[in-house]
Protein chains: 2
Amino acid sequence: MRQFVHPSSSDIRLESVLHALSDPVRLSIVRQLASEGEATCAALDGGRPKSSMSHHFRILRESGIVKTRNEGTSHMNELRFEDLDNVFPGLLAAILNAAPRV
Amino acid sequence: MRQFVHPSSSDIRLESVLHALSDPVRLSIVRQLASEGEATCAALDGGRPKSSMSHHFRILRESGIVKTRNEGTSHMNELRFEDLDNVFPGLLAAILNAAPRV
DNA sequence: TCGCTTGTTCGATATTATTCGAACAATAGC
DNA sequence: GCTATTGTTCGAATAATATCGAACAAGCGA
């Protein structure tokens, strides 16, 4: 497990952010990170295989939504809320504010 | 050309809206509609084939972002801004507020 | 009715995403 | 070093999207 790709704020693209959040699994991850502050990958799988979760975390990282840091053998994830809010003011707040609908 | 599928406000899903707007062509359409109020399909193709545009307008319609009405032989499109803002307050505004980046 | 214009629908292709098992990598602890 | 834990990467199968030509549909006007 090595270095992760974290785009700088200026490289965050709106389309990528929207695409990343258009997936129910990833949206769920983001909602949980928003309410819990930070969490490991394992804490956020909903019983899904590790490889699937790793894929989704990568999409979230590379779109600039999530920041991952190593913490022992596990990876701690947190939202890049400030970065996103600087680049796209109000966007993430509006998305998180939207009540999850079934 | 017949009736179009326009979901009611309560059927608009966040994932569908985000997915619809994650495409550059559709995002561009939405931006133009926001600045011009309404427009026909032809006015918004960027030299793209009609069938491609028709596809994108359908995605925008079925996700609840755009409302299309018949106007003679042409179709007039407008944003469902109020509907969207009621369901997801601030979302579309935040997206439109994001400066288009190259 | 015949054309003309505007879009939709169909069908086929190409690209991109998702999913997940299996193998691998890195760290911590014994 | 060995083992267990946590994720990543690889590879392949499946599914979803995008793109666009060609055919079709509907309204308008001569």
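Residues numbered from 1 in each chain as written. Chains lettered and ligands numbered in written order. Predicted model: local features only at pLDDT ≥ 70, side-chain atom pairs only at ≥ 80, totals over all residues. Heavy atoms only, no water.

Engineer: In this structure, what is going on with the relation of the copies chain B and chain A? I would like to understand it.
Structural biologist: Between the two copies of the chain lies a relationship made up of a rotation around an axis and a movement along it. Overlaying chain B with chain A gives an RMSD of 0.0 Å, the required rotation being 180° about an axis along which the chain moves by 0.0 Å. What the superposition gives is, in effect, a two-fold axis relating one chain to the other. In this assembly, 100% of the residues forming the interface of chain B have copies in chain A that are likewise at the interface, indicating an isologous arrangement. (Least-squares fit on C-alpha atoms with pLDDT ≥ 70 in both. Contact = heavy atoms within 4.5 Å.)

Engineer: Explain the nonpolar core here, please?
Structural biologist: Nonpolar side chains in soluble globular proteins tend to end up buried together. Judged by nonpolar contacts, the single largest core of 54 residues is most densely connected at A:Leu21, A:Ile65, A:Leu91, B:Leu21, B:Ile65 and B:Leu91. Look past the residues within four positions of B:Ile65 in its chain and what remains in contact with it is B:Val17, B:Ala20, B:Leu21, B:Val30, B:Leu60, B:Glu78, B:Leu79, B:Arg80 and B:Leu84. (Core = buried A, V, L, I, M, F, W, Y, C linked by side-chain atoms within 4.5 Å. Buried < 20%, exposed > 50% of the residue type's maximum accessible area, 1.4 Å probe, protein only.)

Engineer: Whenever I open this one, the sheet that holds strand β2 (residues 66-71) of chain A confuses me. Can you help?
Structural biologist: Strand pairing in a sheet takes place through backbone hydrogen bonds and is either antiparallel or parallel in direction. Residues and elements named next belong to chain A. Pairing is antiparallel in the open sheet, where three strands are placed in the order β1-β3-β2. Two strands lie at the open edges of the sheet, namely β1 (38-40) and β2, each paired on one side alone. Each neighbouring strand pair of the sheet contributes to a mean axis angle of 30°, computed without reference to strand direction. Sheet topology places β2 next to strand β3 (residues 74-79); six bridges connect them, and they run antiparallel. (Pairing = 2+ DSSP bridges. Helix = DSSP H or I, 4+ residues; strand = E, 2+ residues; numbered from the N terminus. Axes fitted to C-alpha atoms, helices over the stretch in contact; angles between N-to-C directions.)

Engineer: Looking at this structure, how should I read the interface of chain B and chain A?
Structural biologist: Interfaces are often sized by the amount of accessible area the parts lose when they come together. Residue-level contacts link 23 residues of chain B with 23 residues of chain A. Both sides of the chain B and chain A interface together cover about 1,800 Å² of buried area, and 68% of this is carbon and sulfur. The interface formed by chain B and chain A contains zero salt bridges. For the pair chain B and chain A, the number of links is zero residue pairs in polar contact (both at pLDDT 80 or more). Elements with a contribution of two residues or more to the side of chain B that touches chain A: α1 (14-21), α2 (24-36) and α5 (91-97) of chain B. Examining the composition of the side of chain B that touches chain A, we find that five residues originate from one element, α1(B), more than from any other. The residue makeup of the side of chain B that touches chain A, split by class, is 13 nonpolar, six polar and four charged. (Buried area = accessible area lost by both parts, 1.4 Å probe. Salt bridge = Lys/Arg side-chain N within 4 Å of Asp/Glu carboxyl O. Polar contact = N/O pair within 3.5 Å; in protein donor to acceptor, adjacent residues only side chain to side chain. Nonpolar A, V, L, I, M, F, W, Y, C, P; charged D, E, K, R; others polar.)

Engineer: Whenever I open this one, the sheet that holds strand β3 (residues 74-79) of chain B confuses me. Can you help?
Structural biologist: Residues and elements named next belong to chain B. Pairing in this open sheet of three strands is antiparallel, and the strands run β1-β3-β2 from one edge to the other. Whereas interior strands pair on both sides, the edge strands pair on one side only; in this sheet they are β1 (38-40) and β2 (66-71). With strand direction ignored, the average angle separating the axes of adjacent strands in the sheet is 30°. Sheet analysis places β1 next to β3, joined by three bridges and oriented antiparallel. By the bridge assignment for β3, Glu38 is matched with Glu78. Its contacts with the sheet place α2 against β1, β2 and β3, and it is angled at close to 85° to β3.

Engineer: Can you help me understand the side chain of A:Glu15 in this one?
Structural biologist: Checked against the element boundaries, A:Glu15 lands in helix α1 (residues 14-21). Although A:Glu15 lies buried, it forms no salt bridge, and the closest oppositely charged side chain, A:Arg13, sits 4.2 Å away as judged by the N-O distance. Beyond its immediate stretch of four places on either side in the chain, A:Glu15 contacts B:Ser22, B:Pro24 and B:Leu27. (Lys, Arg positive; Asp, Glu negative; His and termini not counted.)

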